[in-house]
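Letter by letter, the chains look like this.
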Amino acid sequence: MAVAARPRRLFDYTVDAEQAERIVPGMRVRVPFGRREEIAWVAAPPREAPAQREYKPLIEVLDAAPLLDDRLLALCRWAADYYQHPLGEVFATAVPGPLRRGLAPAAVPPSCLRLTDTGRAALDQLPKRARVQRMLLEALSRGPVPREKLLPHAATAAQALHRALAAGWVEACEPPPPPVAPAPALTAEQALAVERLQRAEAGFHAALLEGVTGSGKTEIYLQLAARSLARGEQVLALAPEIGLTPQLAERFAARFGARVASYHSGMGEAERARVWLAAAAGRVDIVVGTRSAVFVPLPRLGLIVVDEEHDVSYKQQEGLRYSGRDLALVRARLHRIPALLGSATPSLESLHNAASGRYLHLRLGQRVHATAAPRIGVVDLRGQKLHQGVAEPLLDACARHLAAGGQALLFLNRRGYAPVLLCHACGWAAGCPDCDARLVLHRARARLVCHHCGRSRPLPSACPDCGGKALLPVGQGTERIEELLRLRFPEYRVERVDSDRLARAGELARLLEDVRENRIRILVGTQVLAKGHDFANLSFAGVLGVDQALYGSDFRALERMGQLVTQVAGRVGRAGQAGEVLLQTHQADHPLLRLLVEQGYPAFSAALLEERRHYGLPPYAHLALLRAEARHEGAALAFLHAARAALPQDKDVEALGPAPAGMARRAGHHRAQLLLRSRSRARLQRLLAGWATALEELPGAHRVRWSLDVDPADLF
Ligand code: ADP
Ligand code: ZN
Ligand code: ZN
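Please read all numbers here as calculations on a predicted model, not as lab measurements.

Conventions we followed
- Residues numbered from 1 in each chain as written.
- Chains lettered and ligands numbered in written order.
- Predicted model: local features only at pLDDT ≥ 70, side-chain atom pairs only at ≥ 80, totals over all residues.
- Heavy atoms only, no water.
- Near = heavy atom within 4 Å.
- Polar contact = N/O pair within 3.5 Å; in protein donor to acceptor, adjacent residues only side chain to side chain.
- Areas by Shrake-Rupley, 256 points an atom, 1.4 Å probe, with all protein chains shown as cover.
- Helix = DSSP H or I, 4+ residues; strand = E, 2+ residues; numbered from the N terminus.
- Nonpolar A, V, L, I, M, F, W, Y, C, P; charged D, E, K, R; others polar.
- Donors = N, O, S within 2.8 Å, 3.2 Å for Na, K, Ca; no water.
- Phe/Tyr/Trp six-rings, centres within 6.5 Å; stacked < 30°, edge-to-face > 60°.
- Buried < 20%, exposed > 50% of the residue type's maximum accessible area, 1.4 Å probe, protein only.
- Lys NZ or Arg CZ within 6 Å of the ring centre and 35° of its normal.
- Salt bridge = Lys/Arg side-chain N within 4 Å of Asp/Glu carboxyl O.

1. With respect to the site of ligand 1
(1) Moving on: Around ligand 1 sit 16 residues, and of these Ala 185, Gln 190, Gly 214, Thr 218 and Arg 251 come closest.
(2) Moving on: For ligand 1, an oxygen atom lies 2.8 Å from a polar atom in the backbone of Lys 217.
(3) Moving on: Take Arg 251: an N or O atom from its side chain is 2.8 Å from an oxygen atom of ligand 1.
(4) Moving on: Within the complex, 73% of the 560 Å² of free accessible area of ligand 1 lies under protein.
(5) Moving on: Among the elements that take part in the shell around ligand 1, helix α10 (residues 217–230) stands out by supplying 3 residues, more than any other.
(6) Moving on: Classifying every residue of the shell around ligand 1 gives 5 nonpolar, 8 polar and 3 charged.

Now the structure itself:
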């Protein structure tokens, strides 16, 4: 039996004859655990207990049928083994909260609501002042509406619905059959790709679909999905971020209708549980979601699509540190079905797998609607006149494209007004007391904010050290660029798009709508903007902060910079008019930057792969990072030294460290890490299995916070 608690081991309980009869792995049970009761999962079928040992009896079996089917169980076991994580916690990650807490499957009603006859009669009788109630019933009077569309965020509406359900005016129902939109005829390139995918052997195989933005990758997902659906199968499509699921879900829904469901952490828990169960019951044909959707049960699963497969958001950075993309491949193998990974800028891992023949490699070179590829240029910052850090040629290009009726975007991956606030008199700089980091000046909120622990405080009016009044913001963030553009281009509407600005729900959708309607002409933003959104009228993009990536200490920084520039470039260009992209940098001669600009992402990524091979970095080596942090200085390092001593000798696995982390103190904790590296994934895995258990027994293990990260996305 698996209990979601820190120990990695499973726990045994005794069952009576009746329970033994019906208990199956994947069911939930209630068990005594310490002095509490917990809901746990059956991990293995019952067996004879060894005579001398005593076990506590199980309290109750909660399910009549397993909530996790065999293949989902196998996926969870695989994840527990591979990521060295307790199985109980893997289950907890896989299953939505209400089900984790014991909700009975039958308690979840179907997804749509409709008006009953009594409801229709009641609508005519409702008094004028019952405004919310009337709106609700009227919305339903034209036919069934999906729950999530009907329930706006207001609590009054939820109350009105509750009352209407209780009064029998409204009832749950299954969604109506979909209106199915016709598919366009494929382009020659698309047809070739689909044909090659069709020809691939039946059963598990993986394909990498590499195609520039607008080359019709999504259309290929839809056509393959259509074939799966025609065979009565289900389809799982993953997107890297909550913000990108609606548009992918809408593309599927427009083609296939209402049996498409979204699944991501932005939805309420109850709604997630409903989708989870509907998918398990086969009432949903297509699930579109973020990484956690990889765990949604789909008994008739026939195809998995991973869109924007290169995106680091597929990697969970806490708890079970899994990669949704990698688990999608494992799941496809378990179901013996194809997995399709799509991207305009594939990850080096996937490119390597394609080059070595493990993945089918399909390419789409042309945009479907023939907009010419944008001109990409580099502005050499050396000796240039700068305006708040922005070079004159970028501002000139903005002006030109705006005058020609286009939209302009300036991209900078740094929020706030300025990353440093400095005293001109004595050199004092505002730092975070809890982190090895400077506080970032946020002018809009009039606060200094730590981007690492979230601590913030009001802007000081004078230097705390010398009392000097001249406090200078140094460097640029998106707020400062926004201010610059407002001053420079007062005749156009400028908007900033970053996570500060998007704190309110629905804000991104509203802004994107204003961009579509051409009300917003200039955008300043972080990576939120570079991902996946279509801008029909965008004709210029300026990329600031390229140097951050070139000087960055993270070995993936360059890969990400290349992906970002290519993704931004992919969004630029209006109908019949080539767009323009300018990167500003002090390192205009950097060979990899030149390669990216002159020959594009394929040549750039090939060179990066060569570099990774040379330095023995992924995908040519496999990494696991043991991180530790503690309030007491030295405790984390001491734990890691003990961990290193407990590491079995293996000439094929190299241990680097322990050493203080890149940011040695964060949120009041001292941080350190120990890196393991091996050319053989199997050897590393074998070593980790024993070591991870040994770590829990180490003397310091309970005094430090530690985690083991297999295939870490970064080494901080
Ligand atoms: P990607 O996913 O590679 O960015 P999409 O599949 O979204 O590309 O295609 C870009 C645009 O071209 C979309 O508006 C899509 O509807 C349209 N499109 C794709 N394939 C075709 C086709 N074969 N015929 C006509 N329009 C197409
Ligand atoms: Zn001072
Ligand atoms: Zn801090």
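2. So, the coordination of the zinc ion (ligand 3)
(1) Moving on: Protein-derived ligands of the zinc ion (ligand 3) are Cys 432 (SG), Cys 435 (SG), Cys 450 (SG) and Cys 453 (SG), with the metal-ligand distances lying across 2.3 Å.
(2) Moving on: Summarised as a motif, the one-chain spacing of the donors to the zinc ion (ligand 3) is C-x2-C-x14-C-x2-C. One end of the pair, Cys 435, is in the loop between β18 (420–423) and β19 (440–442); the other, Cys 453, is in the loop between β20 (447–449) and β21 (456–458), and 18 residues separate them in sequence.

3. Regarding the packing of aromatic side chains
Two aromatic rings, taken as a pair, are described by how far apart their centres are and by the angle between their planes.
(1) Moving on: If you walk through the whole model with that rule in mind, you get 9 aromatic pairs.
(2) Moving on: The interplanar angle of 85° and the centroid separation of 4.9 Å between the aromatic rings of Tyr 82 and Tyr 83 together place this pair among those described as edge-to-face.
(3) Moving on: The buried category is assigned to Tyr 82, whose relative accessible area is 8%.
(4) Moving on: Where Phe 295 meets Tyr 322, the ring centres are 5.4 Å apart and the plane angle is 65°; that geometry is what we call edge-to-face. With Phe 295 in the loop between β10 (286–289) and β11 (301–306) and Tyr 322 in the loop between β11 and α13 (324–335), this residue pair connects regions lying 27 residues apart in the sequence. Both residues of the pair, Phe 295 and Tyr 322, count as buried.
(5) Moving on: The structure contains a cluster of three or more aromatic residues connected by ring pairs, namely Trp 78, Tyr 82 and Tyr 83.
(6) Moving on: Lying over the aromatic face of Tyr 417, Arg 443 brings its terminal NZ or CZ to 4.3 Å of the ring centre.

4. Description of the pattern of salt bridges
(1) Moving on: Under the definition given, this model contains 50 salt bridges.
(2) Moving on: A salt bridge links Asp 714 to Arg 627; the nearest nitrogen and oxygen atoms lie 3.8 Å apart. Residue Asp 714 is located in the segment after β30 (705–710), and its partner Arg 627 is located in strand β27 (residues 622–630); the two are separated by 87 residues in the primary sequence.
(3) Moving on: Under the relative-accessibility criterion, Arg 627 is labelled buried at 12%.
(4) Moving on: As a salt-bridge pair, Arg 683 and Asp 650 come within 3.3 Å of each other at their nearest N and O atoms. With a gap of 33 residues between them, Arg 683 in helix α24 (residues 681–697) and Asp 650 in the loop between α23 (635–645) and β28 (653–666) connect regions that are remote in the sequence.
(5) Moving on: On the basis of relative accessibility, which here comes to 28%, the residue Arg 683 falls in the partly exposed class.

Nothing here speaks to function; it is all geometry.
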